[in-house]
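# Inside the fold
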Amino acid sequence: MELTKQAQMYEGKAKKVFATEDENYVIVSYKDDATANDGLKKGTISGKGVINNQMSNFLMQILEKEGVPTHFVKEINERDTVVKKVSIVPLEVIIRNISAGHFAQRYGVEEGIVFDEPTIEFSYKNDDLHDPLLNEYHALALKLATKDEIALIKQMAFKVNEVLKAYFLNLGVKLVDFKLEFGKTADGTIVLADEISPDTCRFWDAKTNEKLDKDRFRRDMGGVEDAYTEIFGRVMNEK
Ligand code: UDP
């Protein structure tokens, strides 16, 4: 059956989520709205929803082929996608290959230091608490996930990094860092959820280190739409 949008279930900062005729599936609809700095900075990035929807779907399909289960089901138009209905594990999982952003600030180092090994960190996904950093023991204590789920999430996150780092390098792009979210389907399977896009990843041109991601919006650098278009073009020309 063709699934269509039914009642809106939820509206987030960058996406809306709609029920469908089948309780196991929902439709996500990507908006052009952008926020940064813990929601204090708000704006619009024209065409962002179209780019993030298609780019995220494309990357999720590459990951599926590489053995990473995802929520992706079917793209239905340039902004809307059918995904498996999941309960989101309330952890933001951040992988870093190169120092940038909060890592550089927190530890007082410059941006651009290439790590020998990728790092992983978790934040508690909770807007009221401003997504505080936590470790695995804290996540267990708070019952955000089980030990086995955390082990699986870590394994999947590093696998995503291996696949995407190589993929982007081939496009002349350094995958600096990114944030992942995982969800649990009705039968308890952990799948990669949310999105993989210039909103959630840092992409630097491999030759010039030019930023091709949301940092241009966060830091008022200008050229935001052009950067999204550039990274999208590089990914989609590979199709
Ligand atoms: N990130 C994200 N959502 C967040 C926080 C971070 O998608 O709420 C992504 C961000 O785009 C970057 C990576 O996670 O690719 C690491 O972000 P960092 O911790 O440096 O924080 P930021 O400086 O982006 O707030």
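Anything mentioned here points back to the structure above.
Notes on the structure follow. (Residues numbered from 1 in each chain as written. Predicted model: local features only at pLDDT ≥ 70, side-chain atom pairs only at ≥ 80, totals over all residues. Heavy atoms only, no water.)

## Examining the site of the ligand
If you check the shell around the ligand, you find 14 residues, and the closest are Arg96, His102, Asp177, Arg202 and Arg218. A distance of 2.6 Å is found between an oxygen atom of the ligand and a side-chain nitrogen or oxygen belonging to arginine 96. Within the contact set of the ligand, an oxygen atom lies 2.8 Å away from a side-chain nitrogen or oxygen of arginine 218. In the complex, the protein chains occlude 81% of the 500 Å² of accessible area that the ligand would expose alone. Listing elements by their share of the shell around the ligand, those giving two or more residues are strand 9 (91-98), helix 2 (101-107), strand 12 (173-184) and strand 14 (201-205). Of the residues belonging to the shell around the ligand, the class tally is four nonpolar, three polar and seven charged. (Near = heavy atom within 4 Å. Polar contact = N/O pair within 3.5 Å; in protein donor to acceptor, adjacent residues only side chain to side chain. Areas by Shrake-Rupley, 256 points an atom, 1.4 Å probe, with all protein chains shown as cover. Helix = DSSP H or I, 4+ residues; strand = E, 2+ residues; numbered from the N terminus. Nonpolar A, V, L, I, M, F, W, Y, C, P; charged D, E, K, R; others polar.)

## Details of the packing of aromatic side chains
In the structure shown here, the tally under the stated rule is five aromatic pairs. Ring geometry for tyrosine 167 versus phenylalanine 168: centroids 5.8 Å apart, planes at 90°, classification edge-to-face. In this structure, tyrosine 167 and phenylalanine 168 share a single accessibility class: buried. Ring pairing ties together the aromatic residues Phe58, Tyr167, Phe168 and Phe203, which thus form one cluster. Above the ring of phenylalanine 18, the side-chain terminus of lysine 5 is found at 4.8 Å from the ring centroid. Sitting above the plane of the phenylalanine 217 ring, lysine 41 keeps its charged end 4.7 Å from the centroid. (Phe/Tyr/Trp six-rings, centres within 6.5 Å; stacked < 30°, edge-to-face > 60°. Buried < 20%, exposed > 50% of the residue type's maximum accessible area, 1.4 Å probe, protein only. Lys NZ or Arg CZ within 6 Å of the ring centre and 35° of its normal.)

## Considering the layout of surface pockets
The calculated volume of the second largest pocket comes to roughly 190 Å³. Forming the walls of the second largest pocket are 14 residues, and the residues nearest its centre are Asn97, Ile98, Val114, Lys165 and Leu175. Put simply, the parts of the chain that give the lining of the second largest pocket at least two residues each are strand 9, strand 10 (114-124), helix 4 (147-170) and strand 12. The greatest single-element share of the lining of the second largest pocket, amounting to five residues, is contributed by strand 10. Class assignment of the residues belonging to the lining of the second largest pocket gives a composition of eight nonpolar, one polar and five charged. (1 Å grid on protein atoms, 1.4 Å probe; cavity = no way out; pocket = protein on both sides within 12 Å on 5 of 7 lines; lining within 4 Å. Points joined across faces, edges and corners; volume = space filled by probe spheres on them.)

## Observations concerning the nonpolar core
Judged by nonpolar contacts, the single largest core of 51 residues is most densely connected at Leu59 and Phe168. For this core, the leading source of residues is helix 4, giving nine residues. Residues Val26, Val28, Tyr30 and Val83 belong to the second largest nonpolar core, which totals five residues. (Core = buried A, V, L, I, M, F, W, Y, C linked by side-chain atoms within 4.5 Å.)

## Examining a nonpolar patch on the surface
Taken together, the side chains of Tyr107, Val109, Ile113 and Leu133 present a nonpolar region at the surface, about 330 Å² in accessible area. Mapped onto the elements of the fold, tyrosine 107 is located in helix 2. For tyrosine 107, a relative accessible area of 47% translates into the label partly exposed. (Patch = residues over 30% accessible without salt bridge, like charges linked within 9 Å, V, L, I, M, F, W, Y side chains within 5 Å. Salt bridge = Lys/Arg side-chain N within 4 Å of Asp/Glu carboxyl O.)

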